[in-house]
Amino acid sequence: MVHNIKHLPEGLLEIGFILTDEEKNKFEALALKELAKQKNFPGFRPGHAPIDKVRASFGEQAITEEILLQAARELYPNLVREQKLQVIGRPKVDLKNNNPFTFLTTVAKLPEVVLGDFKSIKIKREVVTVATEQIDNLITEVLASRAKEELVERSAQMDDLVEIDFEVLVDSVVIEGGSEKNYPLILGKKQMVPGFEEAIVGLQAGAEKEFQITFPENYKIGLAGRTATVKLKLSKVFARILPELNDEFVKSLGRFESVQDFKDQIKNNLQTEAEFKADNKVEREMLEEIFKVSEVTEVPEILRTSETRKMIAELKTPLSEKGIVWEDYLRSIKKSESDLQTDLKPQAEKRVKLALLIQKIAGENNLEANEEQVEEEIIHTLEHHVNDERMVAQLQSDDYKFYVREILTNRNVIKWLKVRLVE
C-alpha cells in the first residue's frame, strides 16, 4: 500500500491510499463475506452463500462500495496511529480509481498550538472591599420585598405601586407587547422606558394622560431611538409600607439572630460575590494575555460548529428558565438560529483556541486530571442524585467522565497559572 498526506485549507487533512492487487483482493473477500450476511440466500446458512451468487445479487457497484468501506475501516485508523496524526471526527471517504484501487480520506485535524512566553505575564488582582452603601442598598431591597401595600386616595409618588392601563403607539400603531390592562408597576424601579414612570407621578386614580417617550439607542431593533406616544389611565395607587429593621424582623427571615448578625452576613455575602467577580476578571485577563502571545493554527469547521452549538445551548438554558420560548426570542432579535450560529462563529473559534491553549499548558506541565480526581468528583455529584436512576446512569457514562476530566483539568491549569502570573 502507498499513502500520501496532504494539508488542505480550513484545517483539513487529506490522506490518499493506493492498494496493491493483493490488498484489494483481501478487502474484496472481506466485503463479499460481509454482504453475504446482509441477505438471506435460500438453501444456505447466513454468510455462507457462494461468491458467484453474492456477486450476482449485489452487483459490482455495491461490492466496490463495500471494499472501500472495509479498506478505509482498517487502513485509516492504523495510519493515524502509526503517523501519530492529530485528527478529529470521522473522515469523509471517496473512491478515486478502481485500478489501482485508490481512495481519499478527508478529515479535520486538530490545530497546532505554539505557546508564547506567557510565564513573564503579570496580572494585578483587584483588592475588593464592601462599602456601607452596598450593605444599606441590599437591606433596603430586602425590606422592600416584605413591604405591605395600602390603597390610598392621593397622587402617585415614587416608590408607590400603581395599576395602570396603557397603550404604546409608534406611527399610530400599537407596538408588539405595547398594550396592557391592570398592569402593576412600582414607580422608581426603572422597569419602563425612561420618562414613562416619571409621567405617572402626580396623577390620581382615574386620571388619564397622553405623553411621549423616546426609546434608548440600545433598545431592540426597529424601536431604538424612535419616539412613541403613550396613552395611559391610572386605576389605583398603593402606598408601600416597609417593615421596621429590628431583631424581630430579621429573625422572621429565618437565618439571623439580630440586626447586626443580618448586616454581618450580608457583608460576608457581598464580599464573597466581589471576590468571585475579581477572580473571574483575573482569569479572563490571564487567558487573554496568553492568547495574545501564543499561536493556534486554523480551526476546522467541525470544531467551530460544535462550539457554536454549545453556545446556543448555553443561551437557551437561562431563557427557558425564565419561561421564554426560543422561537419567540429569535423573532424578537429578528434572526434565525442559522443566522445566530453565523454571528457566534468568531467567538466560538476563539473559545476553541483558548481551550486548546489550556490543554497544551496542561500537557506540558502534567496538570491533567487523573482518574482518582475524576471518580471523586463523580461520586460527590452522585450523592445528590441517588434516587434518580436516569441521572445516575448519565453521571456514570463515558461522555460525562470526559466532561468532568476536562473541567477538572481546566481548574488545575487556572490554579497553576494564578500562582505564577497573578500579583
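**What to know about the overall build of the chain**
Phase 1 of the analysis: Summing up its helical and strand segments, the chain has twelve helices and eleven strands in all.
Phase 2 of the analysis: For 423 residues, the compact-globule estimate of 2.2 N^0.38 gives 22 Å, and the C-alpha radius of gyration of the chain, at 33 Å, exceeds that figure by more than 25%.
Phase 3 of the analysis: Each principal axis of the C-alpha distribution contributes one length, and for the chain these read about 100 × 55 × 45 Å.
Phase 4 of the analysis: Each of the 423 residues in the chain was classed as buried or not, and the buried ones make up 34%.
Phase 5 of the analysis: Of the contacts made within the chain by residues no fewer than 6 positions apart, 66% connect residues no fewer than 24 positions apart.
Phase 6 of the analysis: Total accessible area on the chain is roughly 26600 Å²; 49% of this is exposed by carbon and sulfur atoms.
Phase 7 of the analysis: In the chain, which carries 61 positive and 75 negative side-chain charges, the distance between the mean positions of the two groups comes to 3 Å.

**Here we look at the sheet that holds strand 1 (residues 2–8)**
Phase 1 of the analysis: As summarised here, the arrangement of the four strands in space is 1-2-4-3, forming an open sheet in which the pairing is antiparallel. The sheet terminates laterally at strand 1 and strand 3 (87–98), the two strands that pair on one side only. The sheet shows a mean angle of 20° between the axes of neighbouring strands, direction not considered.
Phase 2 of the analysis: Note: strand 1 against strand 2 (residues 12–18), seven bridges, orientation antiparallel. Along strand 2, the bridge assignment pairs V2 with I18.

**Overview of the pattern of salt bridges**
Phase 1 of the analysis: Tallied over the entire structure, the rule returns 28 salt bridges.
Phase 2 of the analysis: In this structure, the salt-bridge partner of K26 is E74, at a minimum N-O distance of 2.8 Å. Highlighted residues: K26 in helix 1 (residues 21–37) and E74 in helix 3 (residues 60–83), separated in sequence by 48 residues.
Phase 3 of the analysis: Of the charged contacts, one joins E301 and K345 as a salt bridge, the two residues approaching to 2.5 Å between their closest N and O atoms. Taken together, the residues E301 in helix 7 (residues 301–321) and K345 in helix 9 (residues 337–364) connect sequence positions 44 residues apart.
Phase 4 of the analysis: For K345, a relative accessible area of 28% puts it in the partly exposed group.
Phase 5 of the analysis: When salt bridges with common partners are traced through the structure, they connect R125, E275, D279, E283 and K418 into a single cluster.

**Some remarks on the packing of aromatic side chains**
Phase 1 of the analysis: Tallied over the entire structure, the rule returns ten aromatic pairs.
Phase 2 of the analysis: Each ring, one from F101 and one from F103, has its centre 6.4 Å from the other, and the planes form 65°; the classification is edge-to-face.
Phase 3 of the analysis: Judged by its relative accessible area of 0%, F103 is buried.
Phase 4 of the analysis: Ring geometry for Y400 against Y403: centres 5.8 Å apart, planes inclined by 40°, an arrangement best described as tilted. Here Y403 and Y400 lie together in helix 12 (residues 398–421), a separation of three residues that amounts to about one turn.
Phase 5 of the analysis: Judged by its relative accessible area of 17%, Y400 falls in the buried class.
Phase 6 of the analysis: Connected via pairs of aromatic rings, a cluster forms that spans F166, Y183, F196 and F211.
Phase 7 of the analysis: Just above the ring of F291 sits the side chain of K350; from NZ or CZ to the centre is 5.1 Å.

**What about the pairing of strand 7 (residues 161–170)?**
Phase 1 of the analysis: A large share of strand 7 lies buried, amounting to eight of its ten residues.
Phase 2 of the analysis: Here strand 7 folds back onto strand 8 (residues 173–186) in antiparallel fashion, the turn holding two residues, of which D171 has a positive phi close to 55°.
Phase 3 of the analysis: Strand direction decides the pairing type here: strand 7 and strand 10 (residues 227–241), joined by nine bridges, are antiparallel. Counterpart to E163 in the pairing with strand 10 is K236.

**Comments concerning the environment of V168**
Phase 1 of the analysis: Structurally, V168 can be placed in strand 7.
Phase 2 of the analysis: Using a relative accessible area of 6% as the deciding quantity, one classes V168 as buried.
Phase 3 of the analysis: In this structure the C-alpha to C-alpha distance between V168 and E180, which are twelve residues apart in sequence, comes to 9.4 Å.
Phase 4 of the analysis: In this structure V168 touches V173, V174, I175, G178, F196, I213, F215, A228, T229 and V230, once residues within four positions along its chain are discounted.

**Quick word on helix 9**
Phase 1 of the analysis: Between its first and last C-alpha atoms helix 9 spans 39 Å; for 28 residues at 1.5 Å apiece the expected length is 40 Å, and the two agree.
Phase 2 of the analysis: The largest bend in helix 9 is about 45°, located at K345, with the proline P346 one to four residues further on.
Phase 3 of the analysis: Turning to helix 9, its buried residues number three or more, namely L340, L344, A348, V352, K353, L354, L356, L357, I358, I361 and A362.
Phase 4 of the analysis: Of the surrounding secondary structure, the elements contacted by the buried residues of helix 9 are strand 5 (113–114), helix 6 (259–293), strand 11 (295–296), helix 7, helix 8 (326–332) and helix 12.
Phase 5 of the analysis: One or two positions beyond helix 9, positive phi appears at N366, with a value near 55°.

**Re the confidence of the model for the chain**
Reading predicted coordinates in detail is not appropriate for stretches of low pLDDT.
Phase 1 of the analysis: Per-residue confidence for the chain gives a mean pLDDT of 91, with 99% of residues at or over 70.
Phase 2 of the analysis: Within the chain, strand 10 carries the highest mean pLDDT (97), whereas helix 2 (residues 51–58) carries the lowest (80).

Reading the values: rules and limits
- Residues numbered from 1 in each chain as written.
- Predicted model: local features only at pLDDT ≥ 70, side-chain atom pairs only at ≥ 80, totals over all residues.
- Heavy atoms only, no water.
- Helix = DSSP H or I, 4+ residues; strand = E, 2+ residues; numbered from the N terminus.
- Rg over C-alpha atoms; globule rule 2.2 N^0.38 Å.
- Buried < 20%, exposed > 50% of the residue type's maximum accessible area, 1.4 Å probe, protein only.
- Contact = heavy atoms within 4.5 Å.
- Areas by Shrake-Rupley, 256 points an atom, 1.4 Å probe, with all protein chains shown as cover.
- Lys, Arg positive; Asp, Glu negative; His and termini not counted.
- Charge placed at Lys NZ, Arg CZ, Asp CG, Glu CD.
- Pairing = 2+ DSSP bridges.
- Axes fitted to C-alpha atoms, helices over the stretch in contact; angles between N-to-C directions.
- Salt bridge = Lys/Arg side-chain N within 4 Å of Asp/Glu carboxyl O.
- Phe/Tyr/Trp six-rings, centres within 6.5 Å; stacked < 30°, edge-to-face > 60°.
- Lys NZ or Arg CZ within 6 Å of the ring centre and 35° of its normal.
- Expected span 1.5 Å × (residues − 1).
- Bend = angle between axes of the 7 residues up to and from the residue.
- pLDDT = per-residue confidence, 0-100.

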